[in-house]
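# A closer look at the structure
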Amino acid sequence: MNFRRAEKADFKRISDILKAIDEYHEKLVFDDFYVAEKDNKILGAVQFKENKEFFFLSSLGVDAKYQKQGVASFLINKLTQLSDKKIYLYTVIPDFFKKFGFKAAKQESFLPDKNIMECETCFPKRCVCMIKDIKNCPLNKKFCRKTL
Ligand SMILES: CC(C)(COP(=O)(O)OP(=O)(O)OC[C@H]1O[C@@H](n2cnc3c(N)ncnc32)[C@H](O)[C@@H]1OP(=O)(O)O)[C@@H](O)C(=O)NCCC(=O)NCCS
């Protein structure tokens, strides 16, 4: 499987994947996406936005035909290996993210408003904030867009 930063030409395929699994929302801006692909076909994607002190992970989605084959694990492991800052996210499936070392966290005021992702119309009561605290970047290297 190949991991790379998404290009403009990929956005149709990414939005088709997200729409099919009900992860698409109207306010979604197609920047800072990363994809997992095999034989030139995008199987899954995730948005990973850099802020000064942290990354924010969102819109993780895998084509239903390729779920349960390690695609999301591949994407999350790549991003966490390359990240040298805390990673925050909102999710309705915290048990999934616990597998990768994410823990429940307070929704700090500096984090994006949930309404930006239309979370409030999703399952607000089930939606939790999580964090992965990257203390020692395994590759000891700054996350660098240019290297992806
Ligand atoms: C959730 C999702 C991203 C997982 O992708 P995937 O490629 O199938 O995941 P993987 O194959 O890497 O699975 C990794 C592990 O997570 C588990 N897992 C998968 N979906 C899960 C879920 N909804 N809740 C808890 N665990 C889950 C798998 O069983 C697997 O466990 P194992 O390693 O013990 O066998 C995918 O099912 C998806 O796109 N779902 C719809 C969109 C969604 O819910 N996105 C997240 C919103 S915050």
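Relevant structure appears above.
Summarised in this report is the structure supplied together with it. These numbers were taken from a predicted model, which means no experiment stands behind them.

## Quick word on the sheet that holds strand S1 (residues 2–5)
Ordered in space as S1-S2-S3-S4-S5-S7-S6, the seven strands form an open sheet in which the pairing is mixed. The sheet is open, and its two edges are formed by S1 and strand S6 (103–104), each paired on a single side. As paired elements, strand S5 (residues 86–91) and strand S7 (residues 128–132) share five bridges and run antiparallel to each other. Within the sheet, the bridge partner assigned to threonine 91 lies in S7 and is valine 128. On top of the sheet, helix H1 (residues 11–20) reaches strand S2 (33–38), strand S3 (41–50) and strand S4 (54–62); it is set at about 95° to S3, its chief contact.

## Section: helix H2 (residues 71–82)
Taking 1.5 Å per residue, 12 residues should reach 16 Å; H2 reaches 17 Å between its end C-alpha atoms and fits that length. Burial in H2 covers these residues: Val71, Ala72, Leu75, Ile76, Leu79 and Leu82. Considered in projection along H2, the buried side chains sweep an arc of 140° and stay on one side of the axis.

## So, the site of the ligand
Contacts to the ligand come from 19 residues, most closely from Gln67, Val71, Ala72, Ser73 and Thr91. Of the residues that constitute the shell around the ligand, the class distribution is eight nonpolar, seven polar and four charged.

## Focus: unusual backbone geometry
Here the phi dihedral of asparagine 40 falls at roughly 65°; this positive angle occurs in a residue that is not glycine. In this structure asparagine 40 comes out as exposed when scored by C-beta crowding, with 6 C-beta atoms within 10 Å. Unusually for a residue other than glycine, lysine 68 sits at a positive phi of about 65°. Note that lysine 68 resides in the loop between S4 and H2.

## Observations concerning the environment of valine 92
Positionally, valine 92 belongs in the loop between S5 and helix H3 (94–98). In sequence terms valine 92 and phenylalanine 123 are 31 residues apart; their C-alpha atoms lie 7.1 Å from each other. If we ignore the near neighbours within four places in the chain, the residues touching valine 92 are Cys122, Phe123, Arg126 and Cys127.

The rules behind the values
Residues numbered from 1 in each chain as written. Predicted model: local features only at pLDDT ≥ 70, side-chain atom pairs only at ≥ 80, totals over all residues. Pairing = 2+ DSSP bridges. Helix = DSSP H or I, 4+ residues; strand = E, 2+ residues; numbered from the N terminus. Contact = placed C-beta atoms within 7 Å. Axes fitted to C-alpha atoms, helices over the stretch in contact; angles between N-to-C directions. Expected span 1.5 Å × (residues − 1). Buried ≥ 20, exposed ≤ 12 C-beta atoms within 10 Å, placed from the backbone. Arc of directions from axis to C-beta. Near = placed C-beta within 6 Å. Nonpolar A, V, L, I, M, F, W, Y, C, P; charged D, E, K, R; others polar.

Shape is all these values report; function is a separate question.
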